[in-house]
Number of protein chains: 2
Amino acid sequence: MKQVAALAGVGIKTVSRVINGEPNVSAATIARVTDAARALDYQPDLHAGNLRRADGRSRTLGLLVGSVSNPFSGAVHRAVEEAAIERGVAVFASSLDDDPSREEQSVSAFLRRRVDGLILTTISPSQGYLAAEIRRGTPVVFVDREPSGVTADTVVSDNAAGAALAVRHMLAHGHRRIAYLGDRGDIQTARERRRGFLEELGRAGVATSSVPVIENLHDEAVTFDALLGLLSSEDPPTAVFSAQNLVTIGAIRALRARDLHHSVALVGFDDVPLADLLEPGVTVVAQNPQRIGQLAAERVFARLDGDDTPGARHIVPTRLIVRGSGEINAIG
Amino acid sequence: MKQVAALAGVGIKTVSRVINGEPNVSAATIARVTDAARALDYQPDLHAGNLRRADGRSRTLGLLVGSVSNPFSGAVHRAVEEAAIERGVAVFASSLDDDPSREEQSVSAFLRRRVDGLILTTISPSQGYLAAEIRRGTPVVFVDREPSGVTADTVVSDNAAGAALAVRHMLAHGHRRIAYLGDRGDIQTARERRRGFLEELGRAGVATSSVPVIENLHDEAVTFDALLGLLSSEDPPTAVFSAQNLVTIGAIRALRARDLHHSVALVGFDDVPLADLLEPGVTVVAQNPQRIGQLAAERVFARLDGDDTPGARHIVPTRLIVRGSGEINAIG
DNA sequence: CTGAAAGCGCTAACAG
DNA sequence: CTGTTAGCGCTTTCAG
């Protein structure tokens, strides 16, 4: 900045004024400063400025998603970035990969870089470590999973309701023996989906004690093996509810391996790419990750703009997409 | 930091020493400072430190990918983050979305935040605007697409060779009339793939002037329409080479809509999720985005560690994955 | 082993 | 309309 001032033959403060578009600078001076800045390829140091700036804003957000390689996370990221870019805000994005140590590590990395707000997918048993930061006024919004130990804005799918919807759909097609294939039990979202699933079965009069429930499935391979085992058991299910993305794919593979994809029903939670091109098409309870990301960003910016209402839960509806695999009727 | 120093009853510099793990502090003092920091939930301001620090490193990278919602970009992002996290470096990730104005805008946002290095996917006709920054010593690595107007490390797939591989495969199955469905012509990578495609056809003695080449396909819908048109033409192709992710998906849909997916061959460039579960399975020339991201990160860190060899091109091989759609023989 | 003073690049407050 | 001075939170340098 000093170099620019020297080259333009003005004071350092005038350069600052031009860079920030402050009033009270003559057009000629503006032009000279602009030229000098361009000539030197000058980029203002945003962080140095924020050190002294009144609002102290870094125009930066920290985003922690489940896994950058999951389409759900990709969509959330995209929506957040979209909203951020409109406000000239940059986004730090990290992957949780369902590793509790990475959660705190990433948050700390964000905080050291003085982000203006945090959008977090979490896995730790408690987010109490964020209480002080939230009290200090940093907007924190939880996405996809509800926090524990702190109160803050939270944006989630209607996990239990969505799972119930899937169950009702399968019940309507005559199924009574529906298996639950779920993600890790330490993931809050997974527990919600299981709850919705079991409660709906209970309401339909199915003895939930006899329902095949397999959890801690976290990738295709593990799910594949687990479902194969279940299909070979004495009393195999006539329908399967797979409560996550990758679990659904693993389930598809297992059903195909046993050539049961046309006789055992399958409904997945969260949409799967190309699901409509498979045979049969994969019926899913689709989430709305765009909306989740968008809402999360909205909440952060509302807080930054002064909203100080208490943190609330925002629930984004899911919807059933019928494609074939969920409409296979129970036999007998 | 002042507060921590006060609470611990030491000087501000001692706090600094403890935070940075510098030697020459007594164990007792370390303990007191650590306790005070924890009590106050103190997070050092990384940027304030870098203002004065000798190396001036922000421990931050800027990453610009094609589109966060494309699995290819997701994989690159993941690989870069993986490598970065090992070194305690955070990653800013932005999406280009093939908008030239966003390219410079994002780079500028990164630079204002004083990232240590840049990993960029580009779309502008020239990256000359980066010349000064590169000269200044900021490591810049281009991924997926080669830059124009500057020399720097570049990590790309062997686009032309991969396209040629696809062509050879289809020629071996008796095809002579192979259509090319490609992405936007202003994308360097797309031009390379077309070149590889046409040159290989030429080598096989096919008159390239008669080859159906459709470009500027950038999403499923446009591709769908374009291929439908081509299939209805007087001399429809017996095989299709789709030179990009989403183009491949659009092509699959079009072939199915005409019920030609078992009679017209299809080979795609870049892998598609669940490609092996479709009927027929989708034969592709797969890229290795993990390797691309990893290599790019390696190059940035090597530069930061002092490597000052001239910028070079790093080519990541592709490989043909045979799944069915590419092995349909030409009729007649 | 520890602290005081100076300064990184910038903006706030005030003076001209 | 423009420049000067102080200070943001930290590290450096140098003195105890």
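As recorded by an unreviewed UniProt entry, chain A carries the name LacI family transcriptional regulator and is attributed to Orlajensenia leifsoniae.

1. Thoughts on helix H9 (residues 188-203) of chain A
All names here are of chain A. The end-to-end C-alpha separation of H9 is 23 Å, in line with the 22 Å expected for 16 residues at 1.5 Å each. Those residues of H9 lying buried are Gln188, Thr189, Ala190, Arg193, Gly196, Phe197, Glu200 and Leu201. On its buried face, H9 is in contact with helix H8 (159-172), strand S6 (178-181), strand S8 (239-242) and strand S9 (265-269). A positive backbone phi angle near 85° is found at Gly205, which sits one or two residues after H9.

2. Brief notes about the sheet that holds strand S10 (residues 283-286) of chain B
Residue and element names in this part refer to chain B. Spatially, S7-S6-S8-S9-S10-S12 is the arrangement adopted by the six strands of the open sheet, whose pairing is mixed. Of all strands in the sheet, those bounded by a partner on one side alone are strand S7 (213-214) and strand S12 (319-321). Pairing of strand S6 (residues 178-181) with strand S8 (residues 239-242) involves four bridges; the strand directions are parallel. Within S8, the position partnered with Tyr180 by the bridge is Phe241. Of the strands in this sheet, S6, S7, S8 and strand S9 (265-269) touch helix H9 (residues 188-203), which is tilted by about 170° from S6. Where helix H11 (residues 245-257) meets the sheet, its contacts fall on S6, S8 and S9, and the angle it forms with S9 comes to roughly 160°.

3. Observations concerning the relation of the copies chain A and chain B
Overlaying chain A with chain B gives an RMSD of 0.0 Å, the required rotation being 180° about an axis along which the chain moves by 0.0 Å. One copy is carried onto the other by what is essentially a two-fold rotation axis. Identified as the residue of chain A closest to the rotation axis by C-alpha distance is Phe92 of chain A, at 2.2 Å. Interface overlap between copies: 100% of the residues of chain A at the interface are likewise at the interface in chain B, consistent with a symmetric, same-surface contact.

4. Focus on the sheet that holds S8 of chain A
All names here are of chain A. Judged by pairing direction, the sheet is mixed, and its six strands sit side by side in the order S7-S6-S8-S9-S10-S12 without closing on themselves. One side of each edge strand has no neighbouring strand; the edge strands of this open sheet are strand S7 (213-214) and strand S12 (319-321). Of the strand pairs in this sheet, strand S10 (residues 283-286) and S12 are connected by three bridges, and their pairing is antiparallel. Pairing of Ala286 across the sheet is with Arg319, part of S12. Packing of H9 onto the sheet brings it into contact with S6, S7, S8 and S9, and relative to S6 it is tilted by some 170°. On top of the sheet, helix H11 (residues 245-257) reaches S6, S8 and S9; it is set at about 165° to S9, its chief contact.

5. Quick word on the interface of chain A and chain B
Listed per partner, the contact involves 50 residues of chain A and 50 residues of chain B. Buried surface at the junction of chain A and chain B, both sides included, amounts to about 4,500 Å², of which 53% is carbon and sulfur. If you sort the residues of chain A by the area they bury against chain B, Gln43, Arg113 and Leu277 of chain A come out on top, with a joint share of 15%. There are eight salt bridges connecting chain A and chain B. Across the pair Asp97 of chain A and Arg78 of chain B runs a salt bridge whose closest N-O atoms are separated by 3.4 Å. Our count for the chain A to chain B interface comes out at 30 residue pairs in polar contact (both at pLDDT 80 or more). For the side of chain A that touches chain B, the secondary-structure elements that each account for two or more residues are helix H4 (46-52), helix H5 (71-86), strand S2 (90-95), helix H6 (100-112) and H11 of chain A. Tallied by class, residues from the side of chain A that touches chain B come to 22 nonpolar, 13 polar and 15 charged.

6. Points about the side chain of Thr14 of chain A
Structurally, the position occupied by Thr14 of chain A is in helix H2 (residues 12-19). Setting aside residues no more than four positions away along its own chain, Thr14 of chain A makes contact with Val25 and Thr29 of chain A.

7. A word on helix H6 (residues 100-112) of chain B
Residues and elements named next belong to chain B. The terminal C-alpha atoms of H6, which comprises 13 residues, lie 19 Å apart, in line with the 18 Å expected from a rise of 1.5 Å per residue. Of all the residues in H6, the buried ones are Arg102, Glu103, Ser106, Val107, Ser108, Ala109, Phe110 and Leu111. Looking one or two residues past H6, Arg114 carries a phi angle of roughly 55°, positive in sign.

Conventions and cut-offs
- Residues numbered from 1 in each chain as written.
- Chains lettered and ligands numbered in written order.
- Predicted model: local features only at pLDDT ≥ 70, side-chain atom pairs only at ≥ 80, totals over all residues.
- Heavy atoms only, no water.
- Helix = DSSP H or I, 4+ residues; strand = E, 2+ residues; numbered from the N terminus.
- Expected span 1.5 Å × (residues − 1).
- Buried < 20%, exposed > 50% of the residue type's maximum accessible area, 1.4 Å probe, protein only.
- Contact = heavy atoms within 4.5 Å.
- Pairing = 2+ DSSP bridges.
- Axes fitted to C-alpha atoms, helices over the stretch in contact; angles between N-to-C directions.
- Least-squares fit on C-alpha atoms with pLDDT ≥ 70 in both.
- Buried area = accessible area lost by both parts, 1.4 Å probe.
- Salt bridge = Lys/Arg side-chain N within 4 Å of Asp/Glu carboxyl O.
- Polar contact = N/O pair within 3.5 Å; in protein donor to acceptor, adjacent residues only side chain to side chain.
- Nonpolar A, V, L, I, M, F, W, Y, C, P; charged D, E, K, R; others polar.

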